[in-house]
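The chain contents come next:
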Amino acid sequence: MKILVAVKRVLDYNVKARVNADGTGIDLANVKMSMNPFDEIAVEEALRIKEAGKADEVIAVSMGVKQSQETIRTALAMGADRGILVETDNELQPLAIAKLLAAIAAREEPGLVIVGKQAIDDDSNQTGQMFAALMDWPQATFASKVDIDGDSMKVTREVDGGLESIQVSLPALITTDLRLNEPRYAKLPNIMKAKKKQLDVLTPEELEVDISPRLVTVKVEEPPTRKAGEIVGSVAELVDKLRNEAKVI
Ligand code: AMP
């Protein structure tokens, strides 16, 4: 069985996002970019499934600008077998990503596709669900445990107020939740080896996918800055301020 894993290049989670000058998006010039954290979990899970002898090949797929190759190389250094980049400088929204992923799935015929539950830049939480719908596959979203058994799998899902276990038949889609696993770090020799692994570059046109955006970003704003706190001298003063200034009691 092949496993396709989607890996997105995003603003590193340690970097504070800054809105660009014209308020249309985030300023990505000269900032550190990394693999979306939920996608690291997706790669790790695919590798563990392969190491357990339940898959033969892990393919890391990314869509976007040329530099997304670095994100694929990270997945290859973690242990993925080969990579595919669908290269474009155009904006890609979740439906376009889902269609591109579906076109690659049609070529590669994987038994499992694993994506992150959300990309930390757009926070859409849509791609996996749209992909499953396009493929007419079962979907196991927000997975915190995956057990593959022959041609089906049991997935534990993180739902409000508890855990839900579902059984789905393969091929299927998984979206990863934070507690699914702890991703490994790529070791230096593996980073070197990853440079030689196969990485194919395709275009949306070759895959015959229409990637035109469906949504227009109207405005992006910084959150309002918080006012400085104030130290009060007594409980009576605190109560007075809460009652007469903040008017919350
Ligand atoms: P989203 O629906 O945008 O929150 O993204 C959910 C997941 O879809 C991400 O965690 C990735 O696994 C995958 N994904 C989204 N955009 C891309 C992209 N440009 N390249 C590869 N994978 C992506």
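Please refer to the structure higher up on the page.
Described below are features of the structure shown in this document.

1. Observations concerning helix α4 (residues 127-135)
Reasoning step 1: For α4, every residue scored as buried is listed here: Gly128, Phe131 and Ala132. Looking straight down α4, one finds that the buried residues subtend no more than 100° of arc, so they occupy a single side.
Reasoning step 2: Turning to α4, the residues buried within the fold contact α3 (94-108), β6 (112-116), β7 (139-149) and β10 (172-176).
Reasoning step 3: Of the residues flanking the end of α4, it is Asp136, one or two places downstream, whose phi is positive at about 60°.

2. Comments concerning the packing of α3 against α4
Reasoning step 1: Following both chains from N to C, one finds α3 and α4 inclined at 50°, their axes separated by 8 Å at the closest point. One way to sum up the angle between α3 and α4 is to call them oblique. For α3 against α4, the interelement crossing comes out right-handed. The segment α3 lies against α4, with Pro94, Leu95, Ile97, Ala98, Lys99, Leu101, Ala102 and Ala105 engaging Thr127, Met130, Phe131, Leu134 and Met135.
Reasoning step 2: The residue inventory of the contact of α3 with α4, partitioned by class, reads eleven nonpolar, one polar and one charged.

3. Regarding the sheet that holds strand β8 (residues 152-159)
Strands in a sheet are paired, the pairing made by backbone hydrogen bonds, and the direction either parallel or antiparallel.
Reasoning step 1: Read across the sheet, nine strands follow the order β9-β8-β7-β10-β6-β1-β4-β5-β11 without closing on themselves; strand pairing throughout is mixed. What marks the edges here is a single partner per strand, and that holds for β9 (162-169) and β11 (199-202). Between one strand axis and the next, the sheet turns through 30° on average, direction left out of account.
Reasoning step 2: One ladder, built from five bridges, connects β6 with β10; its direction is parallel.

4. Describing the side chain of Glu45
Reasoning step 1: The residue Glu45 is located in helix α1 (residues 37-51) in this model.
Reasoning step 2: Although Glu45 lies buried, it forms no salt bridge, and the closest oppositely charged side chain, Arg48, sits 5.1 Å away as judged by the N-O distance.
Reasoning step 3: Excluding residues that lie within four positions of it along the chain, Glu45 makes contacts with Ile114, Val146, Leu180 and Asn181.

5. Quick word on unusual backbone geometry
Reasoning step 1: For the bond running from Leu170 to Pro171, omega is 0°, close enough to zero to count as cis.
Reasoning step 2: Note on placement: Pro171 falls in the loop between β9 and β10.
Reasoning step 3: With phi around 50°, Asp123 is a residue other than glycine that occupies positive phi space.
Reasoning step 4: When you line up the elements, Asp123 lands in the loop between β6 and α4.
Reasoning step 5: The class for Asp123 is partly exposed, based on a relative accessible area of 46%.

Rules of the game
Residues numbered from 1 in each chain as written. Predicted model: local features only at pLDDT ≥ 70, side-chain atom pairs only at ≥ 80, totals over all residues. Heavy atoms only, no water. Buried < 20%, exposed > 50% of the residue type's maximum accessible area, 1.4 Å probe, protein only. Helix = DSSP H or I, 4+ residues; strand = E, 2+ residues; numbered from the N terminus. Arc of directions from axis to C-beta. Contact = heavy atoms within 4.5 Å. Axes fitted to C-alpha atoms, helices over the stretch in contact; angles between N-to-C directions. Parallel < 35°, antiparallel > 145°, perpendicular 65-115°, else oblique. Left-handed = near helix turned anticlockwise from the far one by under 90°. Nonpolar A, V, L, I, M, F, W, Y, C, P; charged D, E, K, R; others polar. Pairing = 2+ DSSP bridges. Lys, Arg positive; Asp, Glu negative; His and termini not counted. Salt bridge = Lys/Arg side-chain N within 4 Å of Asp/Glu carboxyl O.

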